[in-house]
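# Structural overview for review
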Amino acid sequence: MNTIRLTMAQAVVRYMMAQRVDIDGEIQPIFAGVWAIFGHGNVAGLGEALYHVQDELPTYRAHNEQGMAHAAIAYSKTLNRRQMMACTASAGPGSTNMVTAAAVAHVNRLPVLFLPGDTFATRMPDPVLQQVENFHDHTLTSNDCFKPVSRFFDRITRPEQLLTSLPQAMRVLTDPVECGPVTLALPQDVQTMAFDYPAHFFAETIHRLRRQAADRDELAAAVELIRQARKPLVVAGGGVHYAGALAELDSLVSSYHLPVGETQAGKGALPWDHTQNMGTIGVTGAASTNALAAETDLIIAVGTRLGDFASGSRAMFNPEARLLCLNVASFDAVKHKGQALVGDARLTLPELTDALAGWQPEGAWIEQAARLRGEWHQAVDIATTDRGTDLPSDAEVVGAVNRAAGERDIVVCAAGGLPGELQKLWRTRHDRGYHMEYGYSCMGYELAGGLGTKMAKPDAEVFVMVGDGSYLMLNSEIATSVMLGHKIVAVVLDNRGYGCIHRLQQFCGGPGFNNLLDDCRTVEGGAPRTDFAAHARALGAKAEKVGNIAELEQALERAKAADISYVITLDTDPLLDTGESGSWWDVAVPEVSERSQVEEAHRRYESHKARQWQNL
């Protein structure tokens, strides 16, 4: 047998380079690069292996391990999971810094290969620097923290174990059902050990998206269920994007005048001005779509896991409505008492379209949807119009950035109040013009995610919208974007604290406490006012502070013309949002409190819980 003698680390790298992907007939590398922050756990093993192939498999240096992993996640999301990146960090804090990002990838079902350095498999120098010792189980290391947030986990304690582990890793990374983060913990001594690997192990492998057709009986039952409906509502999720089923969804809903509500992950599945696009759905959704959800007799969920925000914590949909779940994963298809239709959306939607010939929803339902859609568009126009005040709302800022964005540009955001305003108000005709990490709602994702998005779509202008709280949590990848020449435009909304949770706290009857900086424990004189523009300039970006929406619009034009990352900051009102969307979010309120406001909030909570029980 023909063999190649390689270290374990060299074998990992060579195997990664042999993996290719078929994207619309074009064969490309499936791994676009490796993010690496080196330390004693990976510099002599993986670092040496990556050095020799840096022209074919680029290695990128970041400033924060969590940040670089967020960039890798955003890269894969932007490219609909067709290509991905790997991330490696040293043993100890370098690796555990990536655990939060692994959870982001896991919740959002996005592929990232984590290669954390690990302690010595031989245990000769134990306890090595940064090693976390377990008194009762010497097989445990800090990298075991990755287990609950990985779709596949393995610790490579001998070089030949790669022969079985790497194919399994690729199976998970490319599987439409199991897709998510893979962690291969690599002990630093084993990385350097050599083995005679079979040459065929490194032969080029071309991966193609596996498409599963629907079961015939499930399909027939789904068609019968839809034909019985008079007031159907389609909910489009992120799976529509990952299946590449945009045209197929359009054909179905246009043929039968089906109103569509988009989830955070599904936004962009239809252009915002599409006749059947009612706006987004759920806790942070459009009032139009949520009004339809309260009356619908059939929800047709396509490619969504129906999280609590999309479903209004199970209290938004008409309790008498039936639920049909078209999903490639049976795990998601049976949620909420759903009638399962397991299959690939690109294959299954056309079959539904053909089988429903001659059927139509109730005429009054079609008319009601059109009326509500028109009213919602008027509401968006009003909410995003500059009121000319000194402290603009988030909605006004969203409007200004949206007007500045081009047809193929992308907005990136994650946690806090901004995702709600963006889901309701951002208008995109481009299917990947809206990039939101809201499955894990991870503060700190925004700027690093913007970098990864720009790397995936270098020709697009990437607008990162971020609050002051998230900016302060993780901002170091601004410097990385400048260093790598991947320009992003960041708009920092400074409301002096965690405005979103402050509003939630008040809604639950609580006083302002520990969220806005004015309500926190500080030294006399209060918390310092951060000069975000000066900070961004210190990281190498261009930056400025503006005082109102008119100045913001002018600054956005300067930012678009700039050749490096550009940060614009402005003060905003922490109390204003676009108001009720007609939905509810289950945030538990204390049954007993000294505050009458909390007791009143609990009474409201119980009334919503009663409706929630009807949907269980």
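This text follows the structure it describes.
Residues numbered from 1 in each chain as written. Predicted model: local features only at pLDDT ≥ 70, side-chain atom pairs only at ≥ 80, totals over all residues. Heavy atoms only, no water.

### Some remarks on the pattern of salt bridges
Opposite charge on two side chains makes pairing possible when the charged atoms of those side chains draw close. Put simply, the test is: We define a salt bridge as a contact between a side-chain nitrogen of Lys or Arg and a carboxyl oxygen of Asp or Glu at a distance within 4 Å. Think of it in three bands: with a 1.4 Å probe and only protein chains considered, a residue is buried below 20% of the maximum accessible area for its type, exposed above 50%, and partly exposed in between. Runs of H or I in DSSP of at least four residues are treated as helices and runs of E of at least two as strands, each being numbered from the N terminus.
Summed over all chains, the structure comprises 32 salt bridges. Ionic pairing is found between R171 and E178, a salt bridge with its closest N-O pair at 3.1 Å. Taking relative accessible area as the criterion, R171 reaches 33% and is therefore assigned partly exposed. The salt bridge involving E553 is made with R403; its shortest N-O contact spans 2.8 Å. Of this pair, E553 sits in helix α22 (residues 549-561) while R403 sits in helix α15 (residues 394-404), and the two are 150 residues apart along the sequence. Counted as one network, the salt bridges with shared partners bring together D118, D144, K147 and R155.

### Quick notes on the side chain of H207
Quick note on the threshold: Throughout this description, a polar contact denotes any pair of N or O atoms lying within 3.5 Å of each other; where both atoms belong to protein, one of them has to be capable of donating a hydrogen while the other can accept it, and for residues adjacent in sequence the pair is counted only when both atoms sit in side chains. Contact between two residues is taken to exist if any of their heavy atoms lie within 4.5 Å; hydrogens are not considered.
Mapped onto the fold, H207 is located in strand β11 (residues 205-207). Take H207: its relative accessible area is 14%, and that puts it in the buried class. Within the structure, H207 has its side chain in polar contact with the side chain of Q19 (distance 2.7 Å). If sequence neighbours within four positions are ignored, H207 has contacts with Q19, R20, V21, D22, I30, M170 and T174.

### What about the sheet that holds strand β7 (residues 113-118)?
Heads up, the condition is: Strands qualify as paired when DSSP identifies two bridges or more between them. Axes here mean lines fitted to C-alpha atoms, for a helix over just the part in contact, with angles spanning 0 to 180 degrees between N-to-C directions.
Strand order in the open sheet made by the 6 strands is β5-β4-β6-β7-β9-β8, with parallel pairing throughout. Across the chains shown, the open sheet's two edge strands, defined by having one partner strand only, are β5 (59-61) and β8 (152-155). Between one strand axis and the next, the sheet turns through 20 degrees on average, direction left out of account. Where helix α1 (residues 8-18) meets the sheet, it contacts β4 (31-37), β6 (84-89), β7 and β9 (182-187), and its direction lies at approximately 175 degrees from that of β7.

### Thoughts on the state of the cysteines
Quick note on the threshold: When two cysteine sulfur atoms are found within 2.5 Å, that pair is recorded as a disulfide.
Counted by the stated rule, this structure contains 0 disulfides. Here C413 is not cross-linked by a disulfide; its sulfur's nearest cysteine counterpart is in C500, at 11 Å. Here C413 falls in the buried class, since its relative accessible area comes to 1%.

### Examining unusual backbone geometry
In this model, D126 is joined to P127 through a cis peptide bond whose omega is -10 degrees. Structurally, the position occupied by P127 is in the loop between β7 and β8. Of note in this structure, N80 is not a glycine but carries a positive phi near 55 degrees. Among the secondary structure elements, N80 is positioned in the loop between α3 (65-78) and β6. Its identity as a non-glycine residue notwithstanding, N514 has a phi of 65 degrees, on the positive side. Looking at where N514 falls in the secondary structure, it is placed in the loop between α20 (499-507) and α21 (532-538).

### Here we look at the packing of α3 against helix α5 (residues 99-107)
For clarity, the cut-off: We call two directions roughly parallel when the angle between them is under 35 degrees, roughly antiparallel when it is over 145, roughly perpendicular when it lies between 65 and 115, and oblique otherwise. Handedness of a helix crossing follows the sense of rotation of the near helix relative to the far helix, less than a right angle counterclockwise being left-handed and clockwise being right-handed. Polar here means any residue outside two lists: the nonpolar Ala, Val, Leu, Ile, Met, Phe, Trp, Tyr, Cys and Pro, and the charged Asp, Glu, Lys and Arg; Gly therefore counts as polar.
At a minimum axis distance of 8 Å, the contact between α3 and α5 shows a crossing angle of 20 degrees. Relative to α5, the element α3 lies roughly parallel. Handedness of the crossing formed by α3 with α5: right-handed. Residues Q66, A69, H70 and I73 of α3 form the contact with α5, whose own contacting residues are T100, A101, V104 and A105. A class-by-class count of the residues in the contact of α3 with α5 yields 5 nonpolar, 3 polar and no charged.

### Observations concerning helix α8 (residues 216-227)
To keep it simple, the criterion reads: Expected helix span is given by 1.5 Å per residue-to-residue step, counting one fewer step than there are residues. For this quantity, the arc is that covered by the directions from the helix axis to the C-beta atoms.
With 12 residues, α8 should reach 16 Å at 1.5 Å per residue; the first-to-last C-alpha distance of 17 Å fits that figure. Burial in α8 covers these residues: L219, A222, V223, L225 and I226. The buried residues of α8 occupy an angular sector of 160 degrees when projected down its axis, which confines them to one face. On its buried side, α8 packs onto β15 (298-302), β16 (322-327), β17 (339-342) and α13 (345-355). At the N-terminal boundary of α8, the capping side chain belongs to D215, with an oxygen 3.0 Å from the backbone nitrogen of D217.

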